[in-house]
Amino acid sequence: ETGVTQTPRHLVMGMTNKKSLKCEQHLGHNAMYWYKQSAKKPLELMFVYSLEERVENNSVPSRFSPECPNSSHLFLHLHTLQPEDSALYLCASSPEAGGLAGTQYFGPGTRLLVL
Amino acid sequence: RKEVEQDPGPFNVPEGATVAFNCTYSNSASQSFFWYRQDCRKEPKLLMSVYSSGNEDGRFTAQLNRASQYISLLIRDSKLSDSATYLCVVNENSNSGYALNFGKGTSLLVTP
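It should be emphasised that the depicted structure is a prediction, and the values quoted were computed from it without experimental measurement. (Residues numbered from 1 in each chain as written. Chains lettered and ligands numbered in written order. Predicted model: local features only at pLDDT ≥ 70, side-chain atom pairs only at ≥ 80, totals over all residues. Heavy atoms only, no water.)

A. Geometry of the pattern of salt bridges. All names here are of chain B. Under the criterion given, the structure shown has five salt bridges over all chains. For the salt bridge of R37 with D39, the shortest nitrogen-to-oxygen distance reads 2.8 Å. When the shortest N-O distance is used, the salt bridge between D82 and R59 registers 2.8 Å. Here the residue D82 occupies a position in the loop between strand 8 (70-75) and strand 9 (84-91), and R59 occupies one in the loop between strand 6 (55-57) and strand 7 (60-65), the gap between them amounting to 23 residues. (Salt bridge = Lys/Arg side-chain N within 4 Å of Asp/Glu carboxyl O. Helix = DSSP H or I, 4+ residues; strand = E, 2+ residues; numbered from the N terminus.)

Okay, here's the thing in structure tokens:
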């Protein structure tokens, strides 16, 4: 399935590096999301974009910086991360945010390791 | 953020068995409910929405009890391919309207 794609699939970075995660959806959806999935923890919603406007920011540290240039693309810029930021970062999209937000389509994720 | 609680399992059941998972949520203002399935090292995928009157999709039946604030998923005639983690998801009525709250998941292993 190629509805939502993410690159890179794996990333190892040092704490002083700057990197970016990319997500692209080919479903014509209007809402896009970033989630963090750590071992033994539930999925944590990080950011929500609806029609390229950020509508939710769940107290995420500023070392994570999202960007949504259009409704099909979403980036997560990473800067001076900590080892505890190592996790699976999942991108998702849905037709709309709000009431239909539960019908989400996820990308395969980027598995991030911060050394 | 309000909690969504699930028994992590694992639930080990033989092929053909019936298995049920429960999920409780703490926010009584929650609006909509879903079950997602996540295979090992894969992304979550929507299994089914949960409607107030209960709903069925093949071997899967989902039920909602708003009074007790729990959601259930019943799987009949388990298949080996049902082995996965099942995530309970609640769409809360937050100020922004966009809050999706995931449980940690219940792990199911169906054995031959």
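B. Here's a closer look at a nonpolar patch on the surface. There is a patch of nonpolar side chains on the surface, built from V12, L113 and L115 of chain A and spanning about 280 Å² of accessible area. Tracing the backbone shows L115 of chain A in the segment after strand 11 (110-114). (Patch = residues over 30% accessible without salt bridge, like charges linked within 9 Å, V, L, I, M, F, W, Y side chains within 5 Å. Areas by Shrake-Rupley, 256 points an atom, 1.4 Å probe, with all protein chains shown as cover.)

C. Seen up close, the sheet that holds strand 8 of chain B. Residues and elements named next belong to chain B. A sheet is described by the order of its strands in space; here five strands give the open sequence 1-3-8-7-6, paired in antiparallel fashion. Two strands bound the open sheet, and with one partner strand each, they are strand 1 (4-6) and strand 6. Within the sheet, the average angular offset between the axes of one strand and its neighbour, ignoring direction, is 20 degrees. Sheet topology note: the strand 1/strand 3 (residues 19-25) ladder contains three bridges and is antiparallel. In the strand pairing of strand 3, Q6 is matched with C23. (Pairing = 2+ DSSP bridges. Axes fitted to C-alpha atoms, helices over the stretch in contact; angles between N-to-C directions.)

D. Representation of the packing of aromatic side chains within the structure. Within this structure, the stated rule accounts for ten aromatic pairs over all chains. Arranged with centres 5.2 Å apart and planes meeting at 80 degrees, the rings of F11 of chain B and F21 of chain B form a pair that is edge-to-face. Taken together, the residues F11 of chain B in strand 2 (residues 11-14) and F21 of chain B in strand 3 connect sequence positions ten residues apart. For F11 of chain B, a relative accessible area of 24% translates into the label partly exposed. Residue class for F21 of chain B comes out buried when judged on its relative accessible area of 0%. Among the aromatic residues, ring-to-ring pairing joins Y33, Y35 and F106 of chain A together with Y36 and F102 of chain B into one connected group. (Phe/Tyr/Trp six-rings, centres within 6.5 Å; stacked < 30°, edge-to-face > 60°. Buried < 20%, exposed > 50% of the residue type's maximum accessible area, 1.4 Å probe, protein only.)

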